[in-house]
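Breakdown of the fold
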Amino acid sequence: DVKVTQSSRYLVKRTGEKVFLECVQDMDHENMFWYRQDPGLGLRLIYFSYDVKMKEKGDIPEGYSVSREKKERFSLILESASTNQTSMYLCASTAGTVNTGELFFGEGSRLTVL
Amino acid sequence: QKEVEQNSGPLSVPEGAIASLNCTYSDRGSQSFFWYRQYSGKSPELIMFIYSNGDKEDGRFTAQLNKASQYVSLLIRDSQPSDSATYLCAVVGSGGGADGLTFGKGTHLIIQP
């Protein structure tokens with residue numbers, strides 16, 4: 001079974017803190033994604049990566065950055081957390097192109113910024 | 001801006017009946033269409049995909065696509081309480097997936113025993 005592991009299920013941080021959300025997949029997938037999910041707004045793409053050291057902005061990249069130093073690991077970084085970044089963050093991966101549509105999601109990281 | 005629209009619900013359906021979930025999309029060149037199911041507190045999981053106009057059946061699920069009307073639907077026959085979840089429509093746009101999937105906001109489905 002494909003496994004996408006997000007290191008932290010629940011985090012509470014203070015405004016201005018630097019936050020790292022880690023995601024690791026064990027199926028040698030090329031493509032990895034970070035989404036945030038908010039009530040009434042659905043899933044929104046923050047960043048994605050098609051290869052090591054490669055990154056592309058999604059629909060809402062402002063306030064975020066990413067790192068992909070190894071194929072299996074894709075990290076989301078909040079340089080200076082703000083309250084409007086309180087959300088559920090979902091990491092996903094897929095082999096090949098997204099045309100196949102089968103994104104494998106991690107269990108999510110619920111971040112609260114106070 | 002690509003848009004995928006769904007009625008947020010809740011959609012309440014009696015057990016054993018057919019649940020019909022609908023989705024429209026704005027990018028006329030969209031290529032691939034997906035339905036994800038998300039249980040409360042869980043992550044989305046893929047249940048159906050469809051690429052061509054017409055119907056595609058998989059067990060109790062049928063996906064329907066009409067590209068001319070920019071409309072995709074999911075039918076769930078013999079609905080069970082375990083089908084209660086939020087159903088997310090997702091689309092690969094005319095860019096061919098270069099920017100990932102675009103998700104709708106989801107329809108909350110409740111199957112009443």
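Scroll up a little and you will see the structure.
In what follows, the accompanying structure is described. (Residues numbered from 1 in each chain as written. Chains lettered and ligands numbered in written order. Predicted model: local features only at pLDDT ≥ 70, side-chain atom pairs only at ≥ 80, totals over all residues. Heavy atoms only, no water.)

**Remarks on the overall build of chain B**
For clarity, the cut-off: Helix numbers and strand numbers start at the N terminus; a helix is a DSSP run of H or I with at least 4 residues, a strand a run of E with at least 2. Both definitions apply: the radius of gyration is a C-alpha atom measure, and the globule rule equals 2.2 Å times residues to the power 0.38. Three exposure classes are used, based on accessible area relative to the maximum for each residue type with a 1.4 Å probe and protein chains only: buried under 20%, partly exposed in between, and exposed over 50%.
Across its full length, chain B carries 0 helices and 11 strands. For 113 residues, the compact-globule estimate of 2.2 N^0.38 gives 13 Å, and the C-alpha radius of gyration of chain B, at 13 Å, lies within 12% of that figure. For chain B, the spread of C-alpha atoms along the three principal axes comes to 40 × 30 × 20 Å. Expressed as a percentage of the 113 residues in chain B, the buried residues total 45%.

**Some details on the state of the cysteines**
Residue and element names in this part refer to chain B. Short version of the rule: Disulfides are defined in this document as cysteine sulfur pairs within 2.5 Å.
This model, assessed by the stated rule, comprises 2 disulfides over all chains. The disulfide partner of Cys 23 is Cys 89, and the gap between their sulfur atoms is 2.1 Å. Taking the sign of the S-S torsion, about -75° here, the bridge from Cys 23 to Cys 89 comes out left-handed. Taken together, the residues Cys 23 in strand β3 (residues 19-25) and Cys 89 in strand β9 (residues 85-92) connect sequence positions 66 residues apart. Side by side, Cys 23 and Cys 89 carry an identical accessibility label, which is buried.

**Focus: the interface of chain A and chain B**
Applicable threshold: Residues count as neighbours in contact if any of their non-hydrogen atoms are within 4.5 Å of one another. Once two parts are joined, some of their accessible surface, as seen by a 1.4 Å probe, is lost; buried area is that loss totalled over both. Any pair of nitrogen or oxygen atoms within 3.5 Å is treated as a polar contact; in protein, a donor-acceptor pairing is required on top of that, and neighbouring residues in sequence qualify only through side-chain atoms on both sides.
Facing 21 residues of chain A, the contacting portion of chain B comprises 19 residues. Across the chain A/chain B interface, buried area totals approximately 1600 Å², and carbon plus sulfur atoms make up 50% of it. Our count for the chain A to chain B interface comes out at 5 residue pairs in polar contact (both at pLDDT 80 or more). Mapped onto the side of chain A that touches chain B, the elements with two or more residues apiece are β5 (31-38) and β6 (42-49) of chain A. At 4 residues, β6 of chain A tops the list of elements feeding residues into the side of chain A that touches chain B.

**What to know about the nonpolar core**
Convention followed: In this description, a nonpolar core means a group of buried Ala, Val, Leu, Ile, Met, Phe, Trp, Tyr and Cys residues linked to one another through side-chain atoms lying within 4.5 Å.
Trp 35, Val 72, Leu 74, Ile 76 and Tyr 87 of chain B are the most contacted members of the largest nonpolar core, which has 23 residues in total. Taken together, the elements giving at least two residues each to this core come down to β3, β4 (32-38), β5 (45-50), β7 (61-66), β8 (71-76), β9 and β11 (107-112) of chain B. In this structure Tyr 87 of chain B touches Gln 6, Leu 21, Trp 35, Tyr 36, Arg 37, Ile 47, Leu 74, Ile 76, Gly 106, Thr 107 and Leu 109 of chain B, once residues within four positions along its chain are discounted. If you look at the next biggest cluster of nonpolar residues, it comprises 20 residues, including Ile 60, Val 66, Phe 74 and Tyr 89 of chain A.

**Side note on the pattern of salt bridges**
The condition is simple: By definition here, a salt bridge exists when the distance from a side-chain nitrogen of Lys or Arg to a carboxyl oxygen of Asp or Glu is within 4 Å.
Taken as a whole and judged by the stated rule, the model has 10 salt bridges over all chains. Measuring nitrogen to oxygen at the nearest pair gives 3.2 Å for the salt bridge that ties Arg 9 of chain A to Glu 107 of chain A. Pair noted here: Arg 9 of chain A is in the loop between β1 (4-6) and β2 (10-13) and Glu 107 of chain A is in the loop between β11 (104-105) and β12 (109-113), with a separation of 98 residues, a long-range link. Between Asp 83 of chain B and Arg 60 of chain B there is a salt bridge, and its shortest N-O distance comes to 2.8 Å. Remark: Arg 60 of chain B occurs in the loop between β6 (54-58) and β7 and Asp 83 of chain B occurs in the loop between β8 and β9; sequence separation between them is 23 residues. Assessed through its relative accessible area of 27%, Arg 60 of chain B is described here as partly exposed. If you follow the salt bridges from partner to partner, you end up with Arg 36, Asp 38 and Arg 44 of chain A in one network.

**Observations regarding the side chain of Thr 62 of chain B**
Residue and element names in this part refer to chain B. When you line up the elements, Thr 62 lands in strand β7. For Thr 62, a relative accessible area of 7% corresponds to the buried category. At a separation of 2.6 Å, a polar atom in the side chain of Thr 62 contacts the side chain of Arg 77. Beyond its immediate stretch of four places on either side in the chain, Thr 62 contacts Met 48, Asp 55, Lys 56, Glu 57, Ser 73, Leu 74, Leu 75 and Arg 77.

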